[in-house]
Amino acid sequence: MDKRCISVILGGMLLRLLLFTAFPSLPTLLGNRVEISTPVTSFKRLQEGLFLYTHGVSPYDGGVYHQAPLLLAFFSMMPSSAMATNLIYIIADIQSTLALIDIARSGWSTKSRLHESKRKEMAWPAWGVAAAFLFNPFTIAACIGRPTVVFTNTVILTAIAKAIQGRPTPATLALALSSYLSLYPCLLLAPLVLLSYDFLLHCHSTTLLPTNFSLSKFATTQVTIYFTAVACLLGLSYLITGNSWEFLASTYGVHLFLPDLTPNVGLWWYFFIEMFDPFREFFLCVFQLHLLIYAPGLTIRLRKQPLFVCITMLGILSIFKSYPSIGDTALYLSLLPLYRHIIPLMRYSFVVTSAILYATLLGPAFYHLWIYAGSGNANFFYAITLVWSLSVTLVVADALFAVLREEWEVEGNGREGKPVVQI
Amino acid sequence: MGLLLSKRLATIRPLAVLPFLSALCVVVGITWLLLLPLDSYSRRTYISENALLPGQASAYFGGSEQNIFSAYRHEAAELANATDAKRVQVLGNIFAAAGLKVGRQKYSYTASGQTYSGENVYAILQAPRGDATEATVLSAPWKNLDDIQNIGGVALVTTLARYLKRWSVWSKDIIFLITSDSLAGPQAWVDAYHDQHTSNPGVESLPLKSGAIQGAIVLDYPSGGNFESIHIAYDGVNGQLPNLDLVNTAGNVALHHFGIRPTLQEMWDHNDSYKDRLRTMLRGMVNQGLGHARGGHSVFVPYHVDAVTVQVHGDGWHNEVSLGRFLESMFRSLNNLLEHFHQSFFFYLLMAQKRFVSIGTYLPSAMLIAVNFTLGAIGLWVDSLGSSPPLPLTTTSTEKSTSHTTAAPIERDLFLPLTTVLVFHFLGILPLTLFNHLPTHLFTRTFSAFLFINLVLPFLLSSTLTSLIPASTRERQLKLIKCFSLLFLGMALSALATLNFSLALGVGVASAVLTFIPVEGNGKVVRGVMYVLLQCLSPGMALVGIACYWGVGMEEVLREASFGWWVSGMWTQIVVWCVWWPAWLCGGVLLAEGLVGWRGVEDVPVEEKKKQ
């Protein structure tokens with residue numbers, strides 16, 4: 001690793017340490033923000049669950065704790081001081097950065113097996129991508145607020161990095177762990193398997209691979225590994241929660257059925273507050289299926305760039321999943337710099353950046369008016385979460401447009417700079 | 001999904017229109033504001049919450065209560081030079097004699113090397129028909145804002161405590177509160193009531209508490225004798241306002257049931273003309289924009305407790321009995337509330353006792369002014385691309401050229417402009433910390449030095465910037481610096497307009513000139529004139545303006561600001577030093593760049609020729 005990467009990592013680490021130590025009330029303040037902590041990731045709820053767990057009470061009894069049982073086991077083994085916890089979060093962010101650096105150094109975003117960009121020179125060096133992640137205000141806020149989504153992000157990034165390093169089994173295992181932690185990353189399975197497959201095929205000449213190496217066999221193996229790993233994790237959880245399956249309903253059930261309507265930056269809470277009960281099940285199905293349909297479509301259309309499918313899926317999840325937070329958006333926004341070379345092809349970069357910044361400022365203001373000042377109401381905050389989601393949607397759509405356009409340019413000569421219309 | 005080639009779209013450049021559009025936004029925004037006092041744009045006030053029934057209950061205060069009032073007034077006058085402990089003891093005894101539970105609270109705050117300390121005393125009338133889940137507050141400071149002993153106010157509160165105790169109609173507890181002073185005392189009490197005082201060890205906890213406070217009325221009646229009108233003060237800290245229903249109820253009860261003329265914003269003679277309405281509105285906006293505490297009621301508002309201060313004014317035929325009846329009637333109305341004030345407006349501008357505009361009508365003016373900055377930013381963003389010599393469209397004609405040359409010119413170098421703007425904003429922390437931490441006696445000198453630094457700092461920074469930016473991209477980089485600065489200003493102001501409309505509007509109007517600062521071209525004379533104009537519209541000069549408006553020295557203004565920061569939790573300073581000042585500084589640097597460091601527009605083409 002070069003000096004620049006190391007200095008970026010050190011800088012990011014020092015900044016986080018400084019924020020944790022110089023402003024001791026900041027973690028609680030940020031941890032209580034609905035934009036950062038959701039019912040399924042909140043650190044406060046984790047502490048509550050931990051307390052119940054270490055005192056021999058089922059953490060899932062009170063309806064407060066909705067996170068994975070292994071997190072309890074992990075945190076109960078760690079020293080309970082605040083500094084130790086903060087360090088765990090910092091280490092998680094650094095591990096994410098290392099994974100990002102691996103992804104960036106592989107250059108897989110510009111030159112993969114099936115696709116080679118003509119704009120390769122524009123790609124950012126690894127340290128730039130690392131800096132964009134470590135110094136992104138959303139990432140910092142998510143790290144200081146200590147939601148457990150930080151760990152999910154780390155594991156997802158590790159999974160992608162392993163896939164690009166040609167180690168499919170660790171990649172699949174990491175993805176299994178992230179799905180175990182927060183369910184929705186399971187939608188990344190297909191693009192991740194393709195990513196591993198492409199890499200293996202590209203980097204090892206066919207002689208090195210087994211003679212009967214084919215996508216279907218490879219995929220079958222990986223999917224089997226994935227489900228076995230998930231089953232093992234669930235079994236382990238069953239054992240540590242005192243031989244009870246209670247945790248399933250309290251963790252994945254909450255993701256799926258949305259019993260807790262605490263506001264967040266997503267689109268679900270307000271919609272389901274307003275919903276008449278008879279329609280609730282129907283719309284829950286619609287909302288969940290809506291998330292599901294993107295995965296096959298993107299995987300097929302962007303067959304040449306499975307890495308971008310993973311990134312786009314993460315962006316879509318950060319908008320449409322049941323309990324999104326800015327930690328999810330931070331993950332998406334810090335993966336985008338890998339595709340630095342397509343940014344000139346994006347059409348709304350200025351508008352979208354402005355809209356995201358506007359929403360960032362107006363969100364807390366409107367939440368304040370609603371909750372503290374009492375002079376506003378829920379519609380204020382909901383309106384701004386709509387703007388937020390709309391702007392992230394625009395980023396996702398625009399990046400997708402740019403990638404498609406670039407593929408189109410690569411397919412034929414002389415297509416650069418020609419205006420196109422997307423239908 | 002597919003990508004199709006289409007005809008090259010004609011490139012229309014609306015850039016030339018944008019500056020005019022920006023100017024139009026500013027003009028329309030200000031005109032909009034000036035139109036508000038007209039009959040067609042403002043509305044008549046009305047009571048929205050039916051439960052209030054203002055003035056429907058008969059008030060019986062009078063008769064022998066007047067003698068008791070006189071007795072308490074004498075008691076209060078005798079305590080004029082007594083110590084805090086003695087005073088609290090006597091007042092506590094009076095409350096206890098009326099059969100109320102009494103609590104005391106000591107407090108002490110430090111701001112800018114000055115200590116504000118005292119002791120509050122309060123009593124709780126437990127509602128015969130309530131369950132102690134809700135309460136209302138009647139308060140009088142021992143000394144009012146002008147540091148005059150509030151003899152009449154304290155006497156009337158004690159008299160009413162004794163009188164109201166006899167009624168069996170109360171369904172909400174009534175808390176009678178006598179604070180040591182007008183700002184720090186109520187703040188300490190309200191903080192402690194809501195358990196938010198723990199960060200300050202100087203503030204004691206309250207020994208007695210009641211339920212959620214539904215409304216509060218603060219009485220400022222120093223004369224204790226006859227008066228002509230009452231003045232209703234309603235501005236909360238940070239520009240938050242109490243529900244309009246409370247203000248209207250006070251005005252309505254006073255005027256229609258007791259014939260007491262209510263006044264607003266110190267407009268003692270209001271003849272309901274356009275001019276008077278406008279002045280009332282502007283005075284209200286100045287107070288709201290500054291966001292400082294203007295009396296005991298101000299500190300209640302941030303806790304979502306609707307509160308007003310009633311101050312007596314002038315010399316007329318009303319006396320303590322009218323005021324007592326007015327308060328009795330007000331508390332009967334508050335007592336009627338079925339739920340927290342919520343019906344009427346929380347965002348409004350009052351321009352006469354009977355005339356107001358609500359947020360939907362006035363917000364566009366501040367938003368238009370904020371939009372002017374965003375339009376400027378968009379213009380500069382597009383412009384920073386267009387001014388680059390090799391346009392991407394021209395290279396497409398040579399289709400065989402590599403893609404890198406076509407892609408490169410679209411790129412803007414964002415790193416330096418972004419860093420510059422961020423550094424400017426972080427610089428704002430310096431004056432913020434400085435003016436909140438300095439001891440009071442250093443204020444005037446430091447402020448003069450600060451004004452001088454403001455005069456030269458743009459030149460210093462611009463020379464630093466000149467050495468950092470390569471000459472070939474200077475114009476584009478400067479445009480981007482201005483673009484980001486304006487973008488952030490526009491965003492911050494539109495977010496602020498929802499929290500404190502007047503502050504957003506004030507800062508917006510004062511910095512409107514920033515949009516029109518030229519980045520390129522223009523003679524030095526124009527730039528010199530603009531620089532002088534900019535210096536006159538600086539945040540520092542705004543503080544001088546406030547000092548002149550209040551008729552006090554700079555030290556007093558800065559002391560008040562520091563008091564607001566440390567005691568009232570006011571955040572106007574953050575807006576001034578971390579939003580306005582950096583944007584202003586950015587404008588100054590751009591002008592200075594042209595006055596000193598600019599190499600002249602003519603030089604640029606020469607360089608390009610060399611390259612070719």
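Residues numbered from 1 in each chain as written. Chains lettered and ligands numbered in written order. Predicted model: local features only at pLDDT ≥ 70, side-chain atom pairs only at ≥ 80, totals over all residues. Heavy atoms only, no water.

The name that an unreviewed UniProt entry assigns to chain B is Glycosylphosphatidylinositol:protein transamidase, GAA1 component, with the source organism given as Terfezia boudieri ATCC MYA-4762.

An unreviewed UniProt entry lists chain A under the name PIG-U-domain-containing protein, from Terfezia boudieri ATCC MYA-4762. The UniProt entry for chain A carries the following text under Pathway (unreviewed entry): "Glycolipid biosynthesis; glycosylphosphatidylinositol-anchor biosynthesis." (UniProt positions renumbered as here; feature names shortened; annotations may be inferred.)

J.: Explanation requested: the overall build of chain B in the structure shown.
T.: Across its full length, chain B carries 22 helices and twelve strands. Here the C-alpha coordinates of chain B stretch approximately 100 × 50 × 50 Å along the principal axes. Partitioning the contacts of chain B with sequence separation of at least 6, the portion at a separation of at least 24 is 82%. For chain B, the computed accessible surface area is about 24700 Å², with 61% contributed by carbon and sulfur atoms. (Helix = DSSP H or I, 4+ residues; strand = E, 2+ residues; numbered from the N terminus. Contact = heavy atoms within 4.5 Å. Areas by Shrake-Rupley, 256 points an atom, 1.4 Å probe, with all protein chains shown as cover.)

J.: Would you mind showing me how to read the UniProt feature "transmembrane region" (unreviewed entry) in chain B here?
T.: Residues and elements named next belong to chain B. Under the local residue numbering, the UniProt record ascribes the feature "transmembrane region" (unreviewed entry) to residues 12-36, 359-382, 414-435, 447-469, 489-517, 529-552 and 572-592. Between the end C-alpha atoms of residues 359-382 the distance is 33 Å, and the span holds 100% helix and 0% strand. Secondary structure over residues 447-469 splits into 96% helix and 0% strand, and the C-alpha atoms at its two ends are 32 Å apart.

J.: What is the right way to look at the side chain of T309(B) in this model?
T.: Residues and elements named next belong to chain B. Relative to the assigned elements, T309 resides in strand 10 (residues 306-318). In terms of polar contacts, T309 uses its side chain to reach the side chain of H297, at 2.5 Å. Look past the residues within four positions of T309 in its chain and what remains in contact with it is V218, D220, H231, I232, A233, G295, G296 and H297. (Polar contact = N/O pair within 3.5 Å; in protein donor to acceptor, adjacent residues only side chain to side chain.)

J.: Any chance you could explain the environment of S375(A) here in plain terms?
T.: Along the chain, S375(A) falls in the loop between helix 17 (349-373) and helix 18 (378-411). Taking the relative accessible area as the measure of exposure, S375(A) reaches 13% and is therefore buried. Sequence-distant contacts of S375(A), defined by excluding residues within four places in its chain, comprise L369(A), F346(B) and F347(B). (Buried < 20%, exposed > 50% of the residue type's maximum accessible area, 1.4 Å probe, protein only.)

J.: Would you mind going over the pairing of strand 12 (residues 355-358) of chain B with me for this structure?
T.: Along any regular strand, the residues point their side chains to alternate faces of the sheet. All names here are of chain B. Of the two faces of strand 12, the one holding R355 and V357 and the one holding F356 and S358 are both buried throughout. Bridge count for strand 11 (residues 348-352) against strand 12 is four bridges, and the pairing is antiparallel. Each residue of the ladder has a partner; that of A352, found in strand 12, is R355. Here strand 11 hands over to strand 12 after two residues, the two strands then running antiparallel side by side. (Pairing = 2+ DSSP bridges.)

J.: Would you mind showing me how to read the packing of aromatic side chains here?
T.: The geometry of an aromatic ring pair comes down to the distance between the two centres and the angle between the two planes. Tallying each qualifying case throughout the model produces 54 aromatic pairs over all chains. Their ring planes at 45 degrees and their centres at 5.4 Å tell us that Y60(A) and Y65(A) sit as a pair that is tilted. Each member of the pair, Y60(A) together with Y65(A), is buried. Ring geometry for F435(B) and W577(B): centres 5.6 Å apart, planes at 25 degrees, overall stacked. Taken together, the residues span a long stretch of sequence, with F435(B) in helix 14 (residues 429-437) and W577(B) in helix 21 (residues 572-597) at a distance of 142 residues. The exposure classification of F435(B) matches that of W577(B), with both residues buried. Stacked on the ring of F401(A), the Lys or Arg R347(A) has its end atom at 3.5 Å from the ring centre. Above the face of the W167(B) ring, R332(B) is positioned so that its terminal group lies 5.9 Å from the ring centre. (Phe/Tyr/Trp six-rings, centres within 6.5 Å; stacked < 30°, edge-to-face > 60°. Lys NZ or Arg CZ within 6 Å of the ring centre and 35° of its normal.)

J.: What is the right way to read a nonpolar patch on the surface from this model?
T.: Residues I30(B), L34(B), L35(B), L38(B), Y41(B), Y274(B) and V509(B) make up a contiguous nonpolar surface patch of roughly 530 Å² in combined accessible area. Considering each element in turn, the nonpolar patch owes the most residues, three residues, to helix 1 (residues 18-35) of chain B. (Patch = residues over 30% accessible without salt bridge, like charges linked within 9 Å, V, L, I, M, F, W, Y side chains within 5 Å. Salt bridge = Lys/Arg side-chain N within 4 Å of Asp/Glu carboxyl O.)

J.: Please clarify how the sheet that holds strand 4 (residues 114-125) of chain B should be interpreted in this entry.
T.: Strands pair in a sheet through their backbones, by hydrogen bonds, and they do so in one of two ways: parallel or antiparallel. All names here are of chain B. Overall, mixed pairing links the eight strands, which are arranged 3-4-6-5-7-10-8-9 in an open sheet. The strands lining the two open edges of the sheet, one partner per strand, are strand 3 (101-111) and strand 9 (261-264). The sheet shows a mean angle of 25 degrees between the axes of neighbouring strands, taken without regard to direction. As paired elements, strand 3 and strand 4 share eleven bridges and run antiparallel to each other. (Axes fitted to C-alpha atoms, helices over the stretch in contact; angles between N-to-C directions.)

J.: What is the right way to read the sheet that holds strand 12 of chain B from this model?
T.: With respect to topology, three strands assemble into an open sheet ordered 2-12-11 (chain B), the strand pairing being antiparallel. With partners counted over all chains shown, the strands left at the sheet margins are strand 2 (43-44) and strand 11 of chain B, one partner each.

J.: I'm lost on the confidence of the model for chain B in this one. Help?
T.: Detailed reading of predicted coordinates is not advised where the pLDDT is low. All names here are of chain B. Of the residues in chain B, 91% reach a pLDDT of 70 or more, and the chain-wide mean stands at 87. Taken together, the stretch residues 387-409 has pLDDT below 50 and engages in 30 contacts with residues farther than four places along the chain or on a different chain. Here residues 598-612 is modelled with pLDDT under 50, and outside its nearest four sequence neighbours on either side it reaches 15 contacts, counting other chains as well. Reported confidences for the modelled complex are a pTM of 0.86 and an ipTM of 0.83. (pLDDT = per-residue confidence, 0-100.)

J.: Explain the nonpolar core here, please?
T.: As a rule of thumb, soluble globular proteins bury nonpolar side chains together. Judged by nonpolar contacts, the single largest core of 124 residues is most densely connected at I160(A), L192(A), L307(A) and L338(A). No other element matches the eleven residues that helix 15 (residues 306-320) of chain A contributes to this core. Leave out the neighbours within four places in its chain, and I160(A) touches I103(A), L192(A), L195(A), L307(A) and C310(A). Of all hydrophobic cores here, the second largest spans 94 residues; its members include I384(A), I469(B), A497(B) and L591(B). (Core = buried A, V, L, I, M, F, W, Y, C linked by side-chain atoms within 4.5 Å.)

J.: What should I look at first to understand the domain arrangement of chain B in this one?
T.: Interface size, as often reported, equals the accessible area lost upon joining of the parts. Residue and element names in this part refer to chain B. If you check the domain split of chain B, you get domain 1 (17-37 + 363-387 + 417-596) and domain 2 (50-353). Each of domain 1 and domain 2 has a C-alpha centre, and the two are 39 Å apart. Listed per partner, the contact involves 30 residues of domain 1 and 29 residues of domain 2. Interface area, domain 1 with domain 2, both sides summed: about 2500 Å², of which 61% is carbon and sulfur. Three residues stand out in domain 1 for area buried against domain 2, namely P37, F563 and V567, and they jointly supply 24% of the buried area on that side. (Domains from an automatic or database assignment. Buried area = accessible area lost by both parts, 1.4 Å probe.)

J.: Looking at this structure, how should I read unusual backbone geometry?
T.: Excluding glycine, a negative phi dihedral is what most residues carry, and trans is how most peptide bonds are arranged. Residue and element names in this part refer to chain A. Although it is not a glycine, R146 adopts a positive phi angle of roughly 55 degrees. One can find R146 in the loop between helix 7 (137-145) and helix 8 (149-164). Judged by its relative accessible area of 10%, R146 is buried. The backbone phi angle of L258 is positive, close to 55 degrees, even though this residue is not glycine. Summarising the element assignment, L258 is placed in the loop between helix 12 (246-257) and helix 13 (268-274).

J.: What is the right way to read the side chain of E328(B) from this model?
T.: Residue and element names in this part refer to chain B. The residue E328 is located in helix 9 (residues 320-336) in this model. Separated by 3.1 Å, the side chains of E328 and Y163 make a polar contact. Residue contacts for E328: discarding those within four places in its chain leaves S58, A59, Y60, F61, Y163, L164 and W167.

J.: How do you make sense of the packing of helix 17 of chain A against helix 16 (residues 474-499) of chain B when you look at a structure like this?
T.: Think of two packed helices as two axes; the pair is described by the angle between the axes and how far apart they sit. It is at 9 Å that the axes of helix 17 of chain A and helix 16 of chain B come closest, and there the two elements cross at 25 degrees. Compared by their axis directions, helix 17 of chain A and helix 16 of chain B come out roughly parallel. Helix-helix and strand crossings are classified by hand; for helix 17 of chain A and helix 16 of chain B the assignment is right-handed. Residues F350(A), S354(A), L357(A), Y358(A), L361(A), L362(A), A365(A), F366(A), H368(A) and L369(A) of helix 17 of chain A lie in contact with helix 16 of chain B, whose contacting residues are C483(B), L487(B), F488(B), G490(B), M491(B), A492(B), S494(B), A495(B), T498(B) and L499(B). Its residues placed into classes, the contact of helix 17 of chain A with helix 16 of chain B shows 15 nonpolar, five polar and no charged. (Parallel < 35°, antiparallel > 145°, perpendicular 65-115°, else oblique. Left-handed = near helix turned anticlockwise from the far one by under 90°. Nonpolar A, V, L, I, M, F, W, Y, C, P; charged D, E, K, R; others polar.)

J.: What's the story with the state of the cysteines in this structure? I'm lost.
T.: Any covalent bond linking the sulfur atoms of two cysteines counts as a disulfide. Tallied over the full model, the rule gives zero disulfides over all chains. A disulfide-free cysteine, C578(B) has its sulfur positioned 15 Å from the sulfur of C586(B), the nearest such atom. (Disulfide = S-S within 2.5 Å.)

J.: Can you help me understand the pattern of salt bridges in this one?
T.: If charged atoms from side chains of opposite charge come close, those side chains can pair. Residue and element names in this part refer to chain B. Inspection of every chain in the model, using the stated rule, returns 26 salt bridges over all chains. Salt-bridge contacts for K479 lead to E475; the nearest nitrogen and oxygen are separated by 3.1 Å. One end of the pair is K479 and the other is E475, both in helix 16 and four residues apart, which spans about a single turn. The pair formed by K479 and E475 is uniform in burial state, with each residue classed as buried. Members of the salt-bridge network, linked through shared partners, are D39, D272, R277 and R355.

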